[in-house]
Amino acid sequence: MSNQKTLSIIKPDAVKAGHVDSINLMIENSGLKILEKKEIKLSKEEAQQFYAVHSDKPFYNELCEFMTSGPIIVQMIEGENAIELYRKVMGATNPAEADENTIRKKFATSIQENAVHGSDSEDNALKELNFFFKDI
Ligand code: GDP
């Protein structure tokens, strides 16, 4: 266990549906702290770069379209074991497989429109935080 920072994104579906405050309450109730928060709209190029690891997947283009379809909230989150803890709070990628009381169980509508993103490793957390927040 160690103190970690991770990247959280509230995706266009959840922003559009007005779930930002409810999602952030779930994050804070898990003991995590939201250090930085900003609303942005990704360009097509930024979405493609952010999800480059998925460029060979059949859903890549659709995913990039979705992520540019409206504003998103990008957040820097901190806490003990934050990377794993936040992923637990998010729930499984596919909301049909997500545990009760997870963000995706409550707010995701499909495997693609699944409300939130969270970094999945220390290396990716650093890379992804650097993508949106300079000088971390
Ligand atoms: P995550 O770490 O739980 O977000 O999942 P992944 O890294 O595997 O996938 C990144 C994002 O791509 C997911 O959060 C979804 O928005 C989307 N995605 C993943 N799998 C699928 C799929 O099978 N179909 C579609 N349309 N989108 C997917």
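Refer to the structure presented above.
Report follows, based on the coordinates. This one's a predicted model, so the numbers in the text were calculated from it and none came from an experiment.

**Some points on the pattern of salt bridges**
No. 1: Within the structure shown, the criterion is met by four salt bridges.
No. 2: Across the salt bridge formed by K5 and E78, the nearest N and O atoms sit 3.8 Å from each other. Taken together, the residues span a long stretch of sequence, with K5 in strand 1 (residues 3-10) and E78 in strand 3 (residues 72-80) at a distance of 73 residues.

**A closer look at the side chain of T68**
No. 1: Tracing the chain through its elements places T68 in the loop between helix 4 (60-67) and strand 3.
No. 2: Residue classification places T68 among the buried positions, given a relative accessible area of 14%.
No. 3: In contact with T68, other than residues within four places in its own chain, are K41, L42, S43, K44 and A47.

**Some words on the pairing of strand 3**
No. 1: Across the nine residues that make up strand 3, a large majority, eight, are buried.
No. 2: In this structure, strand 1 lies alongside strand 3, joined through eight bridges in antiparallel fashion. Across the sheet, Q4 pairs through a bridge with G79, a residue of strand 3.
No. 3: Both strand 2 (residues 33-40) and strand 3 contribute to a ladder of seven bridges, which runs antiparallel. Across the sheet, E39 pairs through a bridge with I73, a residue of strand 3.

**Thoughts on the environment of H117**
No. 1: If you trace the backbone, H117 turns up in strand 4 (residues 116-118).
No. 2: With 15 residues separating them in the primary sequence, H117 and T102 have C-alpha atoms 13 Å apart.
No. 3: Apart from residues lying up to four places away in sequence, H117 is in contact with L7, S8, I9, K11, F50, Y51, Y86, M90, R104 and E128.
No. 4: Within the structure, H117 has its side chain in polar contact with the side chain of E128 (distance 2.8 Å).

**Brief notes about the side chain of T102**
No. 1: Along the chain, the position of T102 falls in the loop between helix 5 (82-90) and helix 6 (103-107).
No. 2: Sequence-distant contacts of T102, that is, excluding residues within four places in its chain, are made with M26, K88, V89, M90 and G91.

**With respect to the site of the ligand**
No. 1: Around the ligand, the structure places K11, Y51, H54, F59, E62, L63, R87, T93, R104, I111, Q112 and N114.
No. 2: Contact distances for the ligand include 3.1 Å between an oxygen atom and a side-chain N or O atom of R87.
No. 3: The separation between an oxygen atom of the ligand and a polar side-chain atom of N114 is 2.9 Å.
No. 4: The fraction of the free accessible surface of the ligand (550 Å²) that becomes covered by protein chains is 78%.
No. 5: Looking at the shell around the ligand, its residues break down into four nonpolar, four polar and four charged.

Rules used throughout
Residues numbered from 1 in each chain as written. Predicted model: local features only at pLDDT ≥ 70, side-chain atom pairs only at ≥ 80, totals over all residues. Heavy atoms only, no water. Salt bridge = Lys/Arg side-chain N within 4 Å of Asp/Glu carboxyl O. Helix = DSSP H or I, 4+ residues; strand = E, 2+ residues; numbered from the N terminus. Buried < 20%, exposed > 50% of the residue type's maximum accessible area, 1.4 Å probe, protein only. Contact = heavy atoms within 4.5 Å. Pairing = 2+ DSSP bridges. Polar contact = N/O pair within 3.5 Å; in protein donor to acceptor, adjacent residues only side chain to side chain. Near = heavy atom within 4 Å. Areas by Shrake-Rupley, 256 points an atom, 1.4 Å probe, with all protein chains shown as cover. Nonpolar A, V, L, I, M, F, W, Y, C, P; charged D, E, K, R; others polar.

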